[in-house]
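Structure assessment
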Amino acid sequence: MRIMIINGPNLNLLGIREPHIYGSTTLDAIKASCEDFARFAGAQLSFHQSNHEGVLVDLIQSARTDADVLIINPAAYSFTSIAMYDALKIFEGPILEVHISNIHARDELHRHSKLSAAVKAVIAGLGPYGYIVAMQAAMRESGRLPAALPVSIRVGPG
Ligand code: CA2
């Protein structure tokens, strides 16, 4: 099972600037945790970040052949990018949108993600742990969580 995680603009500055909003965890630390979970779950992970909308569109397009599941934190492009919305609509597997902060509790500018209409689920407000929750949900969606996990976690109530 191949999981692609894509991060949008300025997320390279996580843990370095504005820790009161986005926390003190760096993107490298998030990547390391995601790699750790992928190892545990027997998944292949590719992890990306770009500040450029066209590069992000190219990455989403590449997921059509290179990934089974897509997890994306589109950052500020959540609120503006029709190009990314169109690219996401073409991907056939499950897509999970992650936001570190609870965008619904934020100002008008940061509240309504245009991309959410193109994804299976949105995880917002759990901090960096949202990426691990998204990976777990993605694997569950595909019925690929390790059999060693309890049924309540692998299958849930439905
Ligand atoms: O909470 C999230 O994950 C966001 O996607 C982060 C975006 C913001 O525009 C969304 O509303 C919610 C911004 C990422 C900017 O990251 C920074 C990191 C450190 C310093 C400044 C910005």
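Structure's up top.
If you're wondering where the values come from, they're calculated on a predicted model, not measured in any experiment.

In any sheet, the strands associate via hydrogen bonds between backbone groups, in a parallel or an antiparallel arrangement. Strand order across the open sheet formed by 5 strands is β2-β1-β3-β4-β5, with parallel pairing between neighbours. Each of the sheet's edge strands pairs with one partner strand only, and the pair in question is β2 (44-49) and β5 (121-124). The sheet shows a mean angle of 15° between the axes of neighbouring strands, direction not considered. Of the strand pairs in this sheet, strand β3 (residues 69-73) and strand β4 (residues 95-99) are connected by 3 bridges, and their pairing is parallel. What sits directly across from I71, in β4, is L96. Lying on the sheet, helix α2 (residues 27-41) is in contact with β1 (2-7) and β2; it crosses β2 at an angle near 165°.

What follows covers the nonpolar core. If you look at the biggest cluster of nonpolar residues, it comprises 28 residues, and the most contacted ones within it are I3, I5, I30, C34, I71, Y131 and M135. At the level of secondary structure, the elements contributing two or more residues to this core comprise β1, α2, β3, β4 and α5 (129-141). The residues touching I3, leaving out its near neighbours within four places in the chain, are A43, Q44, L45, S46, V69, I71, M135 and M139.

Taken together, 17 residues surround the ligand, and among them N73, H99, I100, S101 and H110 come closest. The side chain of N73 places a nitrogen or oxygen atom 2.8 Å from an oxygen atom of the ligand. For the ligand, an oxygen atom lies 2.6 Å from a polar atom in the side chain of S101. Starting from 510 Å² of accessible surface for the ligand in isolation, the protein chains cover 94%.

A word on α5. With 13 residues, α5 should cover 18 Å at 1.5 Å per step; its first-to-last C-alpha distance of 18 Å lies within 8% of that length. Listing the buried residues of α5 in full gives G130, Y131, I132, A134, M135, A138 and M139. The inward-facing, buried residues of α5 abut β1, α2, β2, β3, β4 and β5. Following α5 by one or two positions, G143 adopts a phi angle in the positive range, close to 65°.

Now for the packing of α2 against α5. Remark: α2 packs on α5, axes separated minimally by 10 Å, with the N-to-C direction vectors making an angle of 25°. By the criterion of interaxial angle, the relationship of α2 to α5 is roughly parallel. Considering only the axes of α2 and α5, their crossing is right-handed. In this structure, α2 uses I30, S33, C34, F37, A38 and A41 to contact α5, whose residues at the interface are Y131, I132, M135, Q136 and M139. Taken together, the residues of the contact of α2 with α5 break down into 9 nonpolar, 2 polar and no charged.

Attention now moves to the packing of aromatic side chains. Inspection of every chain in the model, using the stated rule, returns 1 aromatic pair. Taking 5.9 Å as the distance between ring centres and 50° as the angle between the ring planes, the aromatic pair formed by F37 and F40 counts as tilted. Separated by 3 residues within a single helix, F37 and F40 lie in helix α2, roughly one turn from each other.

Here is what the cut-offs are and how they apply
- Residues numbered from 1 in each chain as written.
- Predicted model: local features only at pLDDT ≥ 70, side-chain atom pairs only at ≥ 80, totals over all residues.
- Heavy atoms only, no water.
- Pairing = 2+ DSSP bridges.
- Helix = DSSP H or I, 4+ residues; strand = E, 2+ residues; numbered from the N terminus.
- Axes fitted to C-alpha atoms, helices over the stretch in contact; angles between N-to-C directions.
- Contact = heavy atoms within 4.5 Å.
- Core = buried A, V, L, I, M, F, W, Y, C linked by side-chain atoms within 4.5 Å.
- Buried < 20%, exposed > 50% of the residue type's maximum accessible area, 1.4 Å probe, protein only.
- Near = heavy atom within 4 Å.
- Polar contact = N/O pair within 3.5 Å; in protein donor to acceptor, adjacent residues only side chain to side chain.
- Areas by Shrake-Rupley, 256 points an atom, 1.4 Å probe, with all protein chains shown as cover.
- Expected span 1.5 Å × (residues − 1).
- Parallel < 35°, antiparallel > 145°, perpendicular 65-115°, else oblique.
- Left-handed = near helix turned anticlockwise from the far one by under 90°.
- Nonpolar A, V, L, I, M, F, W, Y, C, P; charged D, E, K, R; others polar.
- Phe/Tyr/Trp six-rings, centres within 6.5 Å; stacked < 30°, edge-to-face > 60°.

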